[in-house]
Amino acid sequence: MELHKYTKEVLEKFLVANKGLPEYQEAATNILTSLDKYIAEHPEFEEKSLLERFLMPERFIQFKVLWTDDSGKIQVNNGYRVQYNSAIGPYKGGLRFHPSVNESIIKFLGLEQTLKNSLTTLNMGGGKGGSDFDPKGKSDNEIMRFCQSFMTELYKYIGPNKDVPAGDIGVGGREIGYFFGQYKRITGDFSGVLTGKGLSFGGSLARKEATGYGLCYYASEALSTILHTDFKGKKVVISGSGNVAIYAAEKATALGATVIALSDSNGYIVDNNGIDLEVVKQIKEVERGRLSSYVERAGKGSYHAGTYGKEGIWSIPCGIALPCATQNEIGLDDAKALVAHGVKAVFEGANMPSSSEAIEYFIDHEVVFGPAKAANAGGVAVSGLEMAQNSERLSWSFEEVDEKLHAIMKEIFANGYKHTLKYGKNVYDLKTGSDIAGFEKVAEAMLAQGI
Ligand code: NDP
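Only a predicted model underlies this, so the values are computations on that prediction, with no experimental measurement involved.

Rules of the game
- Residues numbered from 1 in each chain as written.
- Predicted model: local features only at pLDDT ≥ 70, side-chain atom pairs only at ≥ 80, totals over all residues.
- Heavy atoms only, no water.
- Phe/Tyr/Trp six-rings, centres within 6.5 Å; stacked < 30°, edge-to-face > 60°.
- Helix = DSSP H or I, 4+ residues; strand = E, 2+ residues; numbered from the N terminus.
- Buried < 20%, exposed > 50% of the residue type's maximum accessible area, 1.4 Å probe, protein only.
- Lys NZ or Arg CZ within 6 Å of the ring centre and 35° of its normal.
- Near = heavy atom within 4 Å.
- Polar contact = N/O pair within 3.5 Å; in protein donor to acceptor, adjacent residues only side chain to side chain.
- Areas by Shrake-Rupley, 256 points an atom, 1.4 Å probe, with all protein chains shown as cover.
- Core = buried A, V, L, I, M, F, W, Y, C linked by side-chain atoms within 4.5 Å.
- Salt bridge = Lys/Arg side-chain N within 4 Å of Asp/Glu carboxyl O.
- Axes fitted to C-alpha atoms, helices over the stretch in contact; angles between N-to-C directions.
- Parallel < 35°, antiparallel > 145°, perpendicular 65-115°, else oblique.
- Left-handed = near helix turned anticlockwise from the far one by under 90°.
- Contact = heavy atoms within 4.5 Å.
- Nonpolar A, V, L, I, M, F, W, Y, C, P; charged D, E, K, R; others polar.
- Pairing = 2+ DSSP bridges.

Undergrad: Explain the packing of aromatic side chains to me, and be specific about the residues and the numbers.
TA: Considering all chains together, one arrives at 26 aromatic pairs under this definition. Judged by centre distance (5.7 Å) and plane angle (80°), the ring pair of Y218 and F413 falls under edge-to-face. Highlighted residues: Y218 in helix 8 (residues 207-227) and F413 in helix 16 (residues 398-423), separated in sequence by 195 residues. Both residues of the pair, Y218 and F413, belong to the buried class. An aromatic cluster is present here, built from F63, W67, F97, F133, F146, F150 and F179 joined pairwise through their rings. A cation over an aromatic ring shows up here: K251 above the ring of Y213, its NZ or CZ 4.4 Å from the ring centre. Taking the ring centre of W396 as reference, the NZ or CZ of K404 above it sits at 4.5 Å.

Undergrad: Mind laying out the site of the ligand, listing which residues take part and the relevant values?
TA: As a matter of local geometry, the ligand sits amid 27 residues, with D168, T211, S265, R290 and N351 nearest to it. S241 has a polar backbone atom sitting 2.9 Å from an oxygen atom of the ligand. Contact between the ligand and G349: an oxygen atom at 3.4 Å from a main-chain N or O atom of the residue. Compared with its free state, where it exposes 890 Å², the ligand has 85% of that area covered by protein. When residues of the shell around the ligand are traced back to their parent elements, those giving at least two are helix 8 and helix 9 (243-254).

Undergrad: Summarise the nonpolar core; cite the residues concerned and give the values.
TA: In terms of nonpolar packing, the biggest core is built from 56 residues, with Y218, F231, I238, L262, V280, L322 and F347 touching the most fellow members. Here this core takes 10 residues from helix 8, the largest share from any one element. Ranked by size, the runner-up nonpolar core spans 39 residues in total, among them L3, Y6, Y38 and M446.

Undergrad: Please set out the pattern of salt bridges residue by residue, giving values where relevant.
TA: All chains considered together, the criterion is met by 23 salt bridges. The partner of K197 in a salt bridge is E386, and the shortest N-O contact between them spans 2.8 Å. Here K197, found in the loop between helix 7 (173-187) and helix 8, pairs with E386, found in helix 15 (residues 378-392); they are 189 residues apart in sequence, far enough to count as distant. For D271, the salt bridge is made with K300, and the minimal N-O distance between the two is 2.9 Å. Here D271, found in the loop between strand 8 (267-270) and helix 10 (277-286), pairs with K300, found in the loop between helix 11 (294-298) and strand 9 (302-305); they are 29 residues apart in sequence, far enough to count as distant. On the accessibility criterion, D271 (4% relative accessible area) is buried. Salt bridges here are not isolated pairs; linked through shared partners, they connect R96, K128 and D168.

Undergrad: Got a sec to walk through the packing of helix 9 against helix 10? Specific residues and values, please.
TA: Packing of helix 9 against helix 10 leaves a shortest axis separation of 11 Å and a crossing angle of 165°. One finds that helix 9 runs roughly antiparallel with respect to helix 10. Pair helix 9 / helix 10 crosses with left-handed handedness. Contacts between helix 9 and helix 10 involve I246, Y247, A249 and E250 on the former and, on the latter, L277, V280, K281, K284 and E285. Broken down by class, the residue content of the contact of helix 9 with helix 10 amounts to 5 nonpolar, no polar and 4 charged.

Undergrad: Pulling in residues and values, what's your account of the sheet that holds strand 1 (residues 59-68)?
TA: Here we have 5 strands laid out as an open sheet, ordered 1-2-4-3-5, and mixed in their pairing. The open sheet is flanked by strand 1 and strand 5 (163-166), the only strands paired with a single partner. Put simply, the sheet's adjacent strands are angled 20° from each other on average, direction ignored. Relative to strand 5, strand 3 (residues 91-97) is paired through 4 bridges, and the arrangement is parallel. When the sheet's bridge partners are listed, Y91 is paired in strand 5 with D163. Strand contacts of helix 6 (residues 140-154): strand 1, strand 2 (74-85), strand 3, strand 4 (125-131) and strand 5, with the helix running at about 140° to strand 1, the strand carrying the most contacts.

Right under this line is the structure:
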């Protein structure tokens, strides 16, 4: 597709300036491609250099994290925080602990987060952070020492009205608790500086469930509006078995679907009568174990080593696919296999799980495509609700938070779909509509605030 002159110029310069950062380049290319028609309608963006300003993070912080392992050896890791855009609110976005974390991953996530947070209808800017620290196999004490050391540097840059981190891959309630304790120790301040906190110190009910539940609320809206159907009786394949995947599986099941597969980074389980989620929760949430023990524990189903590729999780026939593990899990071949086996809709629980070619393929083959920044925005939306509760010094009931989450996800769909109808390739192209809907608000705020 030939891009508008201004979009093309900005993208070309961006790609040169960010050579060697592939995920970041991919995310920016995807977003600018979606925004192109909209940009062409707004000559003031070029006059005010808005796209260049939007793409450049406000701040990128990299720091050293030193900690001691249980044998007494000193270990060194990289820590990162990108404060991407604060036009519509304080920076907000998760922290990821995974060996693959680097500048490219953090910047791509920060850019995506900026549009995602805008879509939530709440006032939150975009940020993201993390470390190449691998929490797998570490003792509880090692995790605590690492989190304390990480926060000893990060605390300088965050605050309840400045930057409010949360969890992501490898960072859940336990880690947020250690971060919070260290922030309080250093600053003497008990504040809502993090979200995803424990319920006894300012956390919100339904935060744990929010991304997965929100994904299914969004999916339900899309299924009923575009395909005039719902989850009932559908076979659903979900990758991952972490926070997002487990609660997506729980809600999809509650809405009448049969979740037939889940994965972790070693392999996947298939259970055609429906995965026993209580067993999965026990393995992953309580024991932090591997899915390979599922078959023996549940007394049913099958386990397959390896995750993606020819005989990977996306080769299983299903009506709805929910990628909920990590970036780049669905390539063109996976998309072809899913379509050949009759998939009707794909909703992204993870961030950027599908490649650009896979997305194109879905949209061209009339598969409803719900992009991450819209479909998985439920987590950050409830983080925003946690911030609201902290400001009020009140706690809302599970039902109240869940109801607000549901309303927000409906609104995210409606707003994106409105733009899909105007700018999208076809009605299945929720990617274009969502990117424009998210950008619209950020652009307006940036223009209003001057340089
Ligand atoms: P978790 O750490 O709880 O779970 C991640 C899951 O994905 C685990 O099952 C993990 O397997 C698997 N996984 C991770 N990396 C890989 C890989 N390289 N290959 C195969 N499998 C992998 O993370 P979350 O559930 O919180 O996050 C999942 C995705 O959702 C991420 O993309 C995240 O950015 C996104 N997201 C999360 C939100 C949240 O609220 N938590 C909000 C919005 C988006 P294993 O168990 O073996 O490690």
